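# Per-entry structural report
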Amino acid sequence: MAQNRIGGQTIVFTKNPPKITSRASIVGKKEGEGPLAEYFDKILEDDLWGEKSWEKAERRMFIETAQMILKRAQKEPSDINYLFAGDLLDQIITATFGARSLGIPYYGLYGACSSMTQTISLGAAMIDGGYADHVLCITSSHFCTAERQFRFPLEMGVQRPPTAQWTVTGAGGVLLSSSGEGPCITHATTGKVIDFGIKDANYMGAAMTPAAADTLKAHFEDTGRGPQDYDLIVTGDLAKYGRQLTIDLLKKEGYDIEDRYIDCGCEIYSEEQDVHAGASGCACSAVVLAGYLLKKMEDGELNRILIASTGALHSTISSQQGDSIPSIAHAIAIEKKG
Amino acid sequence: MESLDVKQKKINEDYQKYANSITPRSNIITNCIMAFLVGGLICTIGQVISNIAKNYYNMNTEEASATTSISLILIAAILTGLGLYEKIGKRAGAGSVVPITGFSNSIVSPAMEHKREGYVMGIGAKMFSIAGPVLVYGVSASVIVGLINYFFIK
(Lines give C-alpha, C1' and ligand atoms only; values in the text may rest on other atoms or scores of the structure.)
Protein backbone atom coordinates (compact mmCIF):
# COMPACT_ATOMS: atom_id res chain seq x y z
CA MET A 1 0.00 0.00 0.00
CA ALA A 2 1.51 3.28 -1.07
CA GLN A 3 1.39 5.47 2.00
CA ASN A 4 2.59 8.71 0.52
CA ARG A 5 0.05 9.07 -2.26
CA ILE A 6 -2.92 11.36 -2.02
CA GLY A 7 -5.65 11.47 -4.62
CA GLY A 8 -5.11 10.27 -8.13
CA GLN A 9 -1.89 11.98 -9.18
CA THR A 10 -0.06 13.45 -6.21
CA ILE A 11 2.65 12.23 -3.85
CA VAL A 12 3.55 13.89 -0.54
CA PHE A 13 7.08 13.99 0.77
CA THR A 14 6.71 13.41 4.49
CA LYS A 15 9.45 11.15 5.80
CA ASN A 16 12.42 13.10 4.61
CA PRO A 17 11.26 16.09 2.55
CA PRO A 18 14.02 17.00 0.08
CA LYS A 19 15.55 20.46 0.39
CA ILE A 20 16.85 22.61 -2.40
CA THR A 21 20.34 23.27 -1.08
CA SER A 22 21.95 24.80 -4.13
CA ARG A 23 21.00 26.28 -7.50
CA ALA A 24 22.52 27.90 -10.58
CA SER A 25 21.51 29.32 -13.94
CA ILE A 26 23.29 30.37 -17.12
CA VAL A 27 21.55 32.20 -19.97
CA GLY A 28 22.30 33.50 -23.45
CA LYS A 29 22.85 37.08 -24.53
CA LYS A 30 19.22 37.84 -25.42
CA GLU A 31 17.96 36.49 -22.08
CA GLY A 32 20.67 38.56 -20.41
CA GLU A 33 19.11 41.67 -21.93
CA GLY A 34 15.68 40.85 -20.50
CA PRO A 35 14.04 41.97 -17.26
CA LEU A 36 15.36 39.04 -15.14
CA ALA A 37 19.02 39.57 -16.11
CA GLU A 38 20.20 40.40 -12.58
CA TYR A 39 19.01 37.03 -11.24
CA PHE A 40 21.10 34.83 -13.52
CA ASP A 41 24.55 33.62 -12.47
CA LYS A 42 26.19 33.90 -15.85
CA ILE A 43 25.29 35.53 -19.18
CA LEU A 44 26.90 34.40 -22.43
CA GLU A 45 28.43 36.98 -24.75
CA ASP A 46 27.21 35.15 -27.86
CA ASP A 47 25.36 32.00 -28.85
CA LEU A 48 28.49 30.00 -29.68
CA TRP A 49 30.46 30.85 -26.54
CA GLY A 50 33.75 30.11 -28.31
CA GLU A 51 32.70 26.54 -29.10
CA LYS A 52 32.69 24.90 -32.53
CA SER A 53 28.93 24.35 -32.64
CA TRP A 54 25.75 25.47 -30.88
CA GLU A 55 25.27 21.92 -29.57
CA LYS A 56 28.69 22.11 -27.93
CA ALA A 57 27.88 25.52 -26.47
CA GLU A 58 24.66 24.13 -24.96
CA ARG A 59 26.61 21.21 -23.52
CA ARG A 60 29.09 23.57 -21.91
CA MET A 61 26.29 25.61 -20.35
CA PHE A 62 24.92 22.37 -18.90
CA ILE A 63 28.28 21.31 -17.46
CA GLU A 64 29.14 24.74 -16.06
CA THR A 65 25.71 24.98 -14.43
CA ALA A 66 26.35 21.64 -12.73
CA GLN A 67 29.79 22.79 -11.57
CA MET A 68 28.37 26.04 -10.20
CA ILE A 69 25.66 24.17 -8.27
CA LEU A 70 28.24 21.81 -6.78
CA LYS A 71 30.65 24.62 -5.93
CA ARG A 72 27.95 26.55 -4.11
CA ALA A 73 27.06 23.48 -2.04
CA GLN A 74 30.76 22.67 -1.54
CA LYS A 75 30.27 19.22 -2.98
CA GLU A 76 32.25 17.04 -5.38
CA PRO A 77 30.61 15.02 -8.18
CA SER A 78 31.42 11.88 -6.17
CA ASP A 79 29.15 13.17 -3.35
CA ILE A 80 26.13 13.16 -5.66
CA ASN A 81 24.06 9.98 -5.86
CA TYR A 82 22.07 10.73 -9.00
CA LEU A 83 21.89 13.14 -11.89
CA PHE A 84 18.40 13.53 -13.41
CA ALA A 85 18.56 15.60 -16.56
CA GLY A 86 16.95 16.30 -19.90
CA ASP A 87 16.95 18.63 -22.88
CA LEU A 88 15.17 19.12 -26.20
CA LEU A 89 17.59 17.58 -28.67
CA ASP A 90 17.23 14.17 -30.32
CA GLN A 91 18.42 11.40 -27.97
CA ILE A 92 18.85 14.12 -25.28
CA ILE A 93 22.49 14.53 -26.25
CA THR A 94 23.13 17.59 -24.08
CA ALA A 95 22.19 15.82 -20.86
CA THR A 96 23.99 12.62 -21.83
CA PHE A 97 27.24 14.29 -22.86
CA GLY A 98 27.01 16.44 -19.75
CA ALA A 99 26.62 13.31 -17.63
CA ARG A 100 29.65 11.83 -19.37
CA SER A 101 31.76 14.77 -18.21
CA LEU A 102 30.36 14.83 -14.67
CA GLY A 103 30.64 11.11 -13.96
CA ILE A 104 27.53 10.98 -11.75
CA PRO A 105 25.06 8.02 -11.96
CA TYR A 106 22.55 9.30 -14.45
CA TYR A 107 18.95 8.98 -15.57
CA GLY A 108 18.24 10.85 -18.81
CA LEU A 109 14.64 12.02 -19.06
CA TYR A 110 12.64 13.45 -21.93
CA GLY A 111 9.70 15.63 -21.05
CA ALA A 112 10.40 18.39 -23.56
CA CYS A 113 9.97 21.71 -21.76
CA SER A 114 8.43 19.98 -18.73
CA SER A 115 11.84 18.47 -17.90
CA MET A 116 12.62 20.75 -14.97
CA THR A 117 9.74 19.69 -12.72
CA GLN A 118 9.88 16.15 -14.13
CA THR A 119 13.48 15.73 -12.95
CA ILE A 120 12.76 17.38 -9.59
CA SER A 121 9.68 15.15 -8.99
CA LEU A 122 11.72 11.97 -9.48
CA GLY A 123 14.80 13.28 -7.67
CA ALA A 124 12.64 14.27 -4.70
CA ALA A 125 11.05 10.80 -4.58
CA MET A 126 14.54 9.24 -4.52
CA ILE A 127 15.50 11.32 -1.50
CA ASP A 128 12.25 10.98 0.42
CA GLY A 129 12.28 7.24 -0.20
CA GLY A 130 15.70 7.03 1.39
CA TYR A 131 17.53 6.03 -1.77
CA ALA A 132 19.71 9.10 -2.08
CA ASP A 133 21.18 11.98 -0.10
CA HIS A 134 22.02 14.32 -2.96
CA VAL A 135 20.36 14.47 -6.37
CA LEU A 136 21.29 16.93 -9.09
CA CYS A 137 18.49 18.04 -11.47
CA ILE A 138 19.45 20.06 -14.55
CA THR A 139 17.83 20.94 -17.87
CA SER A 140 18.95 23.06 -20.79
CA SER A 141 17.88 24.40 -24.17
CA HIS A 142 19.45 26.59 -26.83
CA PHE A 143 17.60 28.75 -29.37
CA CYS A 144 19.87 27.79 -32.27
CA THR A 145 19.92 24.02 -31.63
CA ALA A 146 16.15 23.84 -31.10
CA GLU A 147 15.37 26.04 -34.07
CA ARG A 148 17.34 23.89 -36.51
CA GLN A 149 15.83 20.68 -35.14
CA PHE A 150 12.20 21.75 -34.99
CA ARG A 151 11.85 24.61 -37.48
CA PHE A 152 13.87 26.38 -40.16
CA PRO A 153 17.55 27.32 -40.53
CA LEU A 154 18.33 30.57 -38.73
CA GLU A 155 19.22 32.59 -41.84
CA MET A 156 16.04 31.58 -43.62
CA GLY A 157 13.91 34.67 -44.28
CA VAL A 158 10.50 33.56 -42.97
CA GLN A 159 7.87 35.42 -40.98
CA ARG A 160 6.85 34.23 -37.51
CA PRO A 161 3.20 34.54 -36.51
CA PRO A 162 2.19 36.51 -33.37
CA THR A 163 1.68 33.27 -31.40
CA ALA A 164 5.23 31.98 -32.03
CA GLN A 165 7.54 31.62 -29.03
CA TRP A 166 11.29 32.03 -28.65
CA THR A 167 13.34 29.13 -27.26
CA VAL A 168 15.41 30.22 -24.27
CA THR A 169 19.17 29.75 -24.51
CA GLY A 170 20.22 28.65 -21.07
CA ALA A 171 20.68 25.94 -18.47
CA GLY A 172 19.34 25.81 -14.96
CA GLY A 173 19.31 23.34 -12.15
CA VAL A 174 19.04 22.60 -8.46
CA LEU A 175 20.63 20.27 -5.93
CA LEU A 176 18.16 18.31 -3.81
CA SER A 177 19.49 17.08 -0.47
CA SER A 178 18.17 15.05 2.45
CA SER A 179 19.68 17.52 4.92
CA GLY A 180 20.89 21.11 4.89
CA GLU A 181 19.37 24.53 4.49
CA GLY A 182 16.82 25.48 1.84
CA PRO A 183 13.17 25.37 0.83
CA CYS A 184 11.49 21.92 0.81
CA ILE A 185 9.73 20.08 -1.96
CA THR A 186 6.47 19.03 -0.30
CA HIS A 187 4.30 17.65 -3.11
CA ALA A 188 4.67 16.44 -6.67
CA THR A 189 1.69 16.06 -9.00
CA THR A 190 2.41 13.98 -12.07
CA GLY A 191 0.64 15.09 -15.22
CA LYS A 192 -1.22 13.05 -17.80
CA VAL A 193 -0.61 13.43 -21.50
CA ILE A 194 -3.40 15.70 -22.71
CA ASP A 195 -4.21 16.57 -26.29
CA PHE A 196 -7.00 18.92 -27.35
CA GLY A 197 -6.11 18.58 -31.01
CA ILE A 198 -3.96 21.68 -31.58
CA LYS A 199 -1.66 21.07 -34.54
CA ASP A 200 -0.02 24.44 -35.00
CA ALA A 201 3.64 24.20 -33.91
CA ASN A 202 3.65 28.00 -33.94
CA TYR A 203 1.00 28.05 -31.22
CA MET A 204 2.49 25.73 -28.61
CA GLY A 205 1.00 27.74 -25.76
CA ALA A 206 -2.50 26.65 -26.81
CA ALA A 207 -1.39 23.03 -27.18
CA MET A 208 0.11 22.88 -23.69
CA THR A 209 -2.50 24.88 -21.78
CA PRO A 210 -5.03 22.03 -21.30
CA ALA A 211 -2.23 19.90 -19.79
CA ALA A 212 -1.24 22.70 -17.41
CA ALA A 213 -4.84 23.32 -16.36
CA ASP A 214 -5.46 19.58 -15.90
CA THR A 215 -2.40 19.12 -13.66
CA LEU A 216 -3.10 22.22 -11.56
CA LYS A 217 -6.71 21.11 -11.09
CA ALA A 218 -5.57 17.60 -10.12
CA HIS A 219 -3.14 19.13 -7.62
CA PHE A 220 -5.87 21.23 -5.98
CA GLU A 221 -8.27 18.26 -5.84
CA ASP A 222 -5.69 15.78 -4.51
CA THR A 223 -4.27 18.06 -1.82
CA GLY A 224 -7.46 19.87 -0.86
CA ARG A 225 -5.54 23.09 -1.34
CA GLY A 226 -6.67 26.01 -3.46
CA PRO A 227 -4.94 28.92 -5.20
CA GLN A 228 -5.22 30.93 -1.95
CA ASP A 229 -2.80 28.48 -0.27
CA TYR A 230 0.04 29.58 -2.53
CA ASP A 231 1.93 32.86 -2.71
CA LEU A 232 2.55 32.24 -6.38
CA ILE A 233 1.42 29.75 -9.00
CA VAL A 234 3.79 29.35 -11.91
CA THR A 235 3.56 27.59 -15.26
CA GLY A 236 6.45 26.75 -17.56
CA ASP A 237 6.25 28.22 -21.03
CA LEU A 238 2.67 28.88 -22.10
CA ALA A 239 3.49 32.49 -23.03
CA LYS A 240 1.07 35.37 -23.47
CA TYR A 241 -1.95 33.62 -24.98
CA GLY A 242 -1.45 30.30 -23.16
CA ARG A 243 -1.39 32.20 -19.88
CA GLN A 244 -4.76 33.77 -20.64
CA LEU A 245 -6.19 30.39 -21.70
CA THR A 246 -4.98 28.79 -18.45
CA ILE A 247 -6.71 31.43 -16.35
CA ASP A 248 -9.93 30.91 -18.31
CA LEU A 249 -9.82 27.09 -18.25
CA LEU A 250 -9.25 27.00 -14.49
CA LYS A 251 -11.96 29.59 -13.91
CA LYS A 252 -14.38 27.20 -15.60
CA GLU A 253 -13.31 24.54 -13.08
CA GLY A 254 -13.91 26.94 -10.21
CA TYR A 255 -10.34 28.02 -9.46
CA ASP A 256 -9.41 31.67 -9.77
CA ILE A 257 -5.62 31.95 -9.99
CA GLU A 258 -5.33 35.25 -11.85
CA ASP A 259 -4.10 37.44 -8.97
CA ARG A 260 -1.19 35.12 -8.07
CA TYR A 261 -0.21 33.56 -11.35
CA ILE A 262 2.80 34.04 -13.61
CA ASP A 263 4.05 32.11 -16.62
CA CYS A 264 7.84 31.82 -17.00
CA GLY A 265 7.40 32.35 -20.75
CA CYS A 266 6.07 35.86 -20.07
CA GLU A 267 8.84 36.82 -17.66
CA ILE A 268 12.15 36.30 -19.48
CA TYR A 269 11.86 38.77 -22.35
CA SER A 270 10.51 42.29 -22.47
CA GLU A 271 7.98 43.51 -25.04
CA GLU A 272 10.68 45.42 -26.94
CA GLN A 273 12.70 42.25 -27.58
CA ASP A 274 10.26 41.24 -30.33
CA VAL A 275 9.88 37.58 -29.42
CA HIS A 276 6.16 37.57 -30.23
CA ALA A 277 4.17 35.54 -27.64
CA GLY A 278 7.05 34.88 -25.22
CA ALA A 279 9.67 32.33 -24.21
CA SER A 280 9.75 28.53 -24.39
CA GLY A 281 12.22 25.66 -23.97
CA CYS A 282 13.46 23.42 -21.15
CA ALA A 283 15.59 26.26 -19.85
CA CYS A 284 12.61 28.61 -19.62
CA SER A 285 11.17 27.30 -16.35
CA ALA A 286 14.62 26.06 -15.24
CA VAL A 287 16.32 29.46 -15.19
CA VAL A 288 13.26 31.26 -13.84
CA LEU A 289 13.05 28.75 -10.98
CA ALA A 290 16.78 28.49 -10.27
CA GLY A 291 17.50 32.16 -10.86
CA TYR A 292 14.46 34.21 -9.94
CA LEU A 293 11.90 32.21 -7.88
CA LEU A 294 14.31 30.53 -5.47
CA LYS A 295 16.05 33.86 -4.90
CA LYS A 296 12.68 35.39 -4.00
CA MET A 297 12.13 32.49 -1.58
CA GLU A 298 15.57 33.05 -0.04
CA ASP A 299 14.74 36.71 0.41
CA GLY A 300 11.49 35.78 2.14
CA GLU A 301 9.25 37.42 -0.48
CA LEU A 302 7.69 34.06 -1.33
CA ASN A 303 7.05 31.26 1.13
CA ARG A 304 5.03 28.68 -0.74
CA ILE A 305 4.88 28.27 -4.50
CA LEU A 306 3.44 25.81 -6.98
CA ILE A 307 5.33 25.42 -10.23
CA ALA A 308 4.26 23.34 -13.24
CA SER A 309 6.67 23.09 -16.17
CA THR A 310 4.84 22.36 -19.39
CA GLY A 311 6.03 20.28 -22.32
CA ALA A 312 4.89 19.73 -25.91
CA LEU A 313 5.68 16.10 -26.69
CA HIS A 314 5.52 16.11 -30.49
CA SER A 315 8.33 15.38 -32.92
CA THR A 316 8.96 16.80 -36.38
CA ILE A 317 7.90 13.42 -37.81
CA SER A 318 4.61 13.22 -35.91
CA SER A 319 3.81 16.80 -36.97
CA GLN A 320 4.63 16.09 -40.62
CA GLN A 321 2.33 13.07 -40.49
CA GLY A 322 -0.51 15.33 -39.41
CA ASP A 323 -0.69 14.41 -35.71
CA SER A 324 -1.69 17.00 -33.14
CA ILE A 325 0.59 18.05 -30.28
CA PRO A 326 0.30 15.92 -27.12
CA SER A 327 1.32 17.84 -24.01
CA ILE A 328 2.14 17.33 -20.36
CA ALA A 329 2.70 19.32 -17.19
CA HIS A 330 4.20 18.21 -13.88
CA ALA A 331 3.65 20.31 -10.76
CA ILE A 332 5.76 20.56 -7.63
CA ALA A 333 5.00 22.49 -4.46
CA ILE A 334 7.95 24.23 -2.81
CA GLU A 335 7.75 25.58 0.71
CA LYS A 336 10.08 27.48 2.96
CA LYS A 337 9.99 25.94 6.42
CA GLY A 338 11.21 27.21 9.77
CA MET B 1 -16.41 4.44 -26.18
CA GLU B 2 -17.70 6.09 -29.31
CA SER B 3 -19.78 8.63 -27.41
CA LEU B 4 -16.70 9.50 -25.38
CA ASP B 5 -14.75 10.20 -28.57
CA VAL B 6 -17.56 12.37 -29.86
CA LYS B 7 -17.62 14.26 -26.59
CA GLN B 8 -13.85 14.81 -26.65
CA LYS B 9 -14.08 15.94 -30.26
CA LYS B 10 -16.62 18.57 -29.27
CA ILE B 11 -14.37 19.73 -26.42
CA ASN B 12 -11.42 19.93 -28.83
CA GLU B 13 -13.36 21.92 -31.40
CA ASP B 14 -14.67 24.38 -28.84
CA TYR B 15 -11.23 24.78 -27.33
CA GLN B 16 -9.52 25.32 -30.69
CA LYS B 17 -12.10 27.89 -31.67
CA TYR B 18 -11.66 29.67 -28.38
CA ALA B 19 -7.82 29.49 -28.47
CA ASN B 20 -7.81 31.06 -31.92
CA SER B 21 -10.29 33.75 -30.92
CA ILE B 22 -7.97 35.30 -28.32
CA THR B 23 -4.93 35.66 -30.59
CA PRO B 24 -4.35 38.60 -32.89
CA ARG B 25 -4.32 37.85 -36.59
CA SER B 26 -1.20 38.52 -38.60
CA ASN B 27 -1.85 41.90 -40.16
CA ILE B 28 -2.80 40.91 -43.71
CA ILE B 29 -3.00 44.42 -45.18
CA THR B 30 0.40 45.57 -43.89
CA ASN B 31 1.94 42.23 -44.88
CA CYS B 32 0.49 42.50 -48.41
CA ILE B 33 1.74 46.06 -48.85
CA MET B 34 5.23 45.14 -47.61
CA ALA B 35 5.32 42.03 -49.83
CA PHE B 36 4.19 44.13 -52.81
CA LEU B 37 6.82 46.83 -52.22
CA VAL B 38 9.77 44.52 -51.51
CA GLY B 39 8.82 41.98 -54.18
CA GLY B 40 8.42 44.87 -56.64
CA LEU B 41 11.76 46.34 -55.61
CA ILE B 42 13.55 43.03 -56.18
CA CYS B 43 11.98 42.75 -59.65
CA THR B 44 12.91 46.36 -60.42
CA ILE B 45 16.52 45.65 -59.47
CA GLY B 46 16.35 42.64 -61.80
CA GLN B 47 15.05 44.86 -64.61
CA VAL B 48 17.89 47.35 -64.05
CA ILE B 49 20.46 44.53 -64.26
CA SER B 50 18.78 43.23 -67.41
CA ASN B 51 18.81 46.68 -69.04
CA ILE B 52 22.47 47.24 -68.17
CA ALA B 53 23.37 43.84 -69.62
CA LYS B 54 21.51 44.63 -72.84
CA ASN B 55 22.54 48.25 -73.31
CA TYR B 56 26.11 48.29 -72.04
CA TYR B 57 27.31 44.73 -72.70
CA ASN B 58 25.38 44.11 -75.92
CA MET B 59 23.76 40.88 -74.69
CA ASN B 60 20.68 39.43 -76.37
CA THR B 61 17.50 38.83 -74.31
CA GLU B 62 18.40 35.26 -73.37
CA GLU B 63 21.91 36.14 -72.20
CA ALA B 64 20.60 39.16 -70.32
CA SER B 65 17.99 37.15 -68.42
CA ALA B 66 20.57 34.52 -67.42
CA THR B 67 22.85 37.32 -66.19
CA THR B 68 19.95 38.82 -64.21
CA SER B 69 19.11 35.52 -62.50
CA ILE B 70 22.74 34.81 -61.63
CA SER B 71 23.25 38.32 -60.25
CA LEU B 72 20.12 38.22 -58.07
CA ILE B 73 21.05 34.77 -56.74
CA LEU B 74 24.53 36.04 -55.88
CA ILE B 75 23.22 39.17 -54.14
CA ALA B 76 20.72 37.13 -52.09
CA ALA B 77 23.37 34.55 -51.17
CA ILE B 78 25.69 37.30 -49.91
CA LEU B 79 22.86 38.98 -47.96
CA THR B 80 21.98 35.60 -46.42
CA GLY B 81 25.60 35.06 -45.43
CA LEU B 82 25.67 38.48 -43.78
CA GLY B 83 22.47 37.66 -41.89
CA LEU B 84 20.55 40.46 -43.62
CA TYR B 85 18.15 38.42 -45.74
CA GLU B 86 16.31 37.04 -42.70
CA LYS B 87 15.80 40.63 -41.52
CA ILE B 88 14.31 41.55 -44.89
CA GLY B 89 12.20 38.36 -44.86
CA LYS B 90 10.80 39.14 -41.43
CA ARG B 91 9.17 42.30 -42.79
CA ALA B 92 8.61 41.39 -46.42
CA GLY B 93 7.23 37.83 -46.08
CA ALA B 94 6.23 36.45 -49.46
CA GLY B 95 7.76 39.53 -51.12
CA SER B 96 11.24 38.14 -50.49
CA VAL B 97 10.34 34.42 -50.55
CA VAL B 98 8.71 34.20 -53.98
CA PRO B 99 11.36 35.84 -56.24
CA ILE B 100 14.49 33.93 -57.21
CA THR B 101 16.31 35.60 -54.32
CA GLY B 102 14.13 33.61 -51.88
CA PHE B 103 15.18 30.43 -53.65
CA SER B 104 18.81 31.41 -53.15
CA ASN B 105 18.14 32.12 -49.46
CA SER B 106 16.48 28.73 -49.00
CA ILE B 107 19.59 26.96 -50.32
CA VAL B 108 22.28 29.05 -48.66
CA SER B 109 20.67 29.09 -45.19
CA PRO B 110 20.60 25.29 -44.62
CA ALA B 111 24.09 25.05 -46.12
CA MET B 112 25.35 27.52 -43.51
CA GLU B 113 23.39 25.86 -40.74
CA HIS B 114 24.68 22.34 -41.39
CA LYS B 115 28.33 23.16 -42.16
CA ARG B 116 29.37 21.67 -38.82
CA GLU B 117 28.08 18.22 -39.74
CA GLY B 118 30.69 18.07 -42.52
CA TYR B 119 30.86 18.87 -46.23
CA VAL B 120 29.16 15.67 -47.38
CA MET B 121 26.46 14.75 -44.84
CA GLY B 122 26.08 18.34 -43.66
CA ILE B 123 26.25 20.85 -46.51
CA GLY B 124 25.83 18.29 -49.30
CA ALA B 125 22.88 16.43 -47.86
CA LYS B 126 21.04 19.33 -46.22
CA MET B 127 21.56 22.11 -48.79
CA PHE B 128 18.39 21.24 -50.70
CA SER B 129 16.28 20.26 -47.69
CA ILE B 130 14.00 23.27 -48.22
CA ALA B 131 14.51 24.03 -51.92
CA GLY B 132 14.42 20.33 -52.88
CA PRO B 133 10.63 19.97 -52.95
CA VAL B 134 10.39 23.16 -55.06
CA LEU B 135 12.85 21.67 -57.56
CA VAL B 136 11.10 18.29 -57.67
CA TYR B 137 7.65 19.70 -58.33
CA GLY B 138 8.93 22.58 -60.46
CA VAL B 139 10.75 20.19 -62.79
CA SER B 140 7.83 17.72 -62.77
CA ALA B 141 5.36 20.46 -63.66
CA SER B 142 7.55 21.73 -66.48
CA VAL B 143 7.84 18.22 -67.94
CA ILE B 144 4.05 17.83 -67.91
CA VAL B 145 3.51 21.25 -69.48
CA GLY B 146 6.19 20.44 -72.06
CA LEU B 147 4.49 17.16 -72.98
CA ILE B 148 1.09 18.83 -73.29
CA ASN B 149 2.65 21.47 -75.48
CA TYR B 150 4.40 18.88 -77.68
CA PHE B 151 1.43 16.59 -78.26
CA PHE B 152 -1.53 18.93 -78.29
CA ILE B 153 -0.39 22.43 -79.09
CA LYS B 154 2.92 21.99 -80.94
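Residues numbered from 1 in each chain as written. Chains lettered and ligands numbered in written order. Predicted model: local features only at pLDDT ≥ 70, side-chain atom pairs only at ≥ 80, totals over all residues.

## A few points about the overall build of chain A
Basically, it comes down to this: Here a strand is any run of E in DSSP of at least two residues, a helix any run of H or I of at least four, and the numbering for each starts at the N terminus. Contact definition: two residues whose C-beta atoms, as placed from backbone geometry, lie within 7 Å.
A tally of helices and strands in chain A yields nine helices and 15 strands. Expressed as lengths along the three principal axes of its C-alpha atoms, the size of chain A is roughly 55 × 50 × 35 Å. Excluding contacts between residues fewer than 6 apart, the proportion of contacts in chain A whose partners are at least 24 apart in sequence is 79%.

## Re the packing of helix α2 (residues 28-57) of chain B against helix α3 (residues 61-81) of chain B
All names here are of chain B. Operational definition: Here the axes come from fitting lines to C-alpha atoms, over the contacting stretch only for helices, and the angles between their N-to-C directions go from 0 to 180 degrees. Roughly parallel here means an angle under 35 degrees, roughly antiparallel means over 145, roughly perpendicular means 65 to 115, and every remaining angle is called oblique. We call a crossing left-handed when the near helix sits turned anticlockwise from the far one by less than a right angle, and right-handed when that turn is clockwise.
In contact at an axis separation of 9 Å, α2 and α3 are set at 135 degrees when each is read in the N-to-C sense. Comparing their axes, α3 and α2 come out oblique. For the crossing formed where α2 meets α3, the hand is right-handed. Between α2 and α3, the residues in contact are Gly46, Ile49, Ser50, Ala53 and Lys54 and Glu63, Ala64, Ser65, Thr67, Thr68, Ser71 and Leu72, respectively.

## Description of the nonpolar core
Put simply, the rule is: Here, a nonpolar core means buried Ala, Val, Leu, Ile, Met, Phe, Trp, Tyr and Cys residues linked by C-beta atoms lying within 7 Å of one another. Our exposure labels follow a C-beta count within 10 Å of each residue's own C-beta, placed from the backbone: buried means 20 or more other C-beta atoms, exposed means 12 or fewer, and partly exposed covers the counts in between.
Core analysis: the biggest nonpolar cluster contains 109 residues, and Leu136 and Leu176 of chain A have the highest contact counts within it. Tallying contributions element by element places helix α8 (residues 282-298) of chain A first for this core, with 12 residues. Those residues in contact with Leu176 of chain A that sit more than four places away from it in its chain are Pro18, Ile20, Ile120, Gly123, Ala124, Ile127, Val135, Cys137 and Ile185 of chain A. Core analysis: the second largest hydrophobic core is formed by nine residues, Met34, Ile42, Leu79 and Tyr85 of chain B among them.

## Here we look at unusual backbone geometry
Residue and element names in this part refer to chain A. A positive phi angle, close to 30 degrees, is found at Ile92, a residue other than glycine. Among the structural elements, Ile92 can be located in the loop between β5 (82-87) and α2 (93-102). On the neighbour-count criterion, Ile92 (21 C-beta atoms within 10 Å) is buried.

## A closer look at helix α6 (residues 239-252) of chain A
All names here are of chain A. We apply this condition: To estimate the expected span of a helix, count its residues, drop one, and scale the result by 1.5 Å.
Over its 14 residues, α6 runs 20 Å from end to end, which matches the ideal 20 Å to within 8%, given 1.5 Å per residue. When we look at burial in α6, the residues that qualify are Ala239, Lys240, Tyr241, Gly242, Arg243, Leu245, Thr246, Leu249 and Leu250. Gly254, located one to two residues past α6, shows a positive phi value of around 95 degrees.

## Things to note about helix α4 (residues 85-92) of chain B
Residues and elements named next belong to chain B. To be explicit about the condition: Working definition: the arc comes from the directions between the helix axis and the C-beta atoms, pointing outward to the latter.
Taken together, the buried positions of α4 are occupied by Tyr85, Ile88, Gly89 and Ala92. Axial view of α4: buried residues confined to an arc of 100 degrees, hence all on one face. Tucked into the core, α4 has its buried residues touching α2, α3, α5 (94-97) and α6 (100-113). Where α4 terminates, the next one or two residues include Gly93, which has phi positive at roughly 60 degrees.

## Regarding the environment of Arg116 of chain B
Within the fold, Arg116 of chain B resides in the loop between α6 and α7 (119-126). The contacts of Arg116 of chain B, once residues within four sequence positions are left out, are Lys52 and Ser53 of chain A together with Gly122 of chain B.

## So, the domain arrangement of chain A
Residues and elements named next belong to chain A. Selection rule: An automatic or database domain assignment supplies the start and end points of every domain. Note that Gly is not counted as nonpolar here; it falls among the polar residues with everything else outside the nonpolar set of Ala, Val, Leu, Ile, Met, Phe, Trp, Tyr, Cys and Pro and the charged set of Asp, Glu, Lys and Arg.
Splitting chain A by domain gives domain 1 (5-177) and domain 2 (184-335). Its C-alpha centre places domain 1 at a distance of 17 Å from the equivalent point of domain 2. At the junction of the two partners, domain 1 supplies 59 residues and domain 2 supplies 59 residues. Contributing elements (two or more residues each) for the side of domain 1 that touches domain 2: β2 (10-12), β3 (19-27), β5, α3 (115-128), β7 (134-141), α4 (143-150), β8 (165-167) and β9 (170-177). If you tally residues by element for the side of domain 1 that touches domain 2, the top one is α3, at seven residues. For the side of domain 1 that touches domain 2, the per-class residue count stands at 29 nonpolar, 23 polar and seven charged.

## Describing the interface of chain B and chain A
Opposite the 28 residues of chain B that make contact, chain A presents 21 residues. Taken together, the elements giving at least two residues each to the side of chain B that touches chain A come down to α1 (2-21), α4, α5 and α6 of chain B. Element by element, the count of residues in the side of chain B that touches chain A is highest for α6 of chain B, at seven residues. Class assignment for the residues of the side of chain B that touches chain A results in 11 nonpolar, 13 polar and four charged.

## Overview of the pairing of β5 of chain A
Residue and element names in this part refer to chain A. Counted only if it meets this: The criterion for strand pairing is that DSSP finds at least two bridges linking the strands in question. Look down the strands so they point away from you; if the path from the first strand over the helix to the second goes clockwise, the crossover is right-handed.
The element β5 is largely enclosed, with a buried count of six among its six residues. Across the two faces of β5 the burial is the same, with Tyr82, Phe84 and Gly86 and Leu83, Ala85 and Asp87 all buried. Bridge count between β5 and β7: six bridges; the pairing is parallel. Its bridge partner being in β7, Asp87 is matched across the sheet by Ser140. Across three bridges, β5 lies against strand β6 (residues 106-108) in parallel orientation. Looking at the pairing, Leu83 lines up with Tyr106 of β6. With α2 bridging β5 and its parallel neighbour β6, the resulting β-α-β unit is right-handed.

## Quick notes on the environment of Glu64 of chain A
Residue and element names in this part refer to chain A. Mapped onto the elements of the fold, Glu64 is located in helix α1 (residues 54-73). We classify Glu64 as partly exposed; it has 17 C-beta atoms within 10 Å. Glu64 sits 196 residues away from Arg260 along the chain, and the two C-alpha atoms are 33 Å apart.

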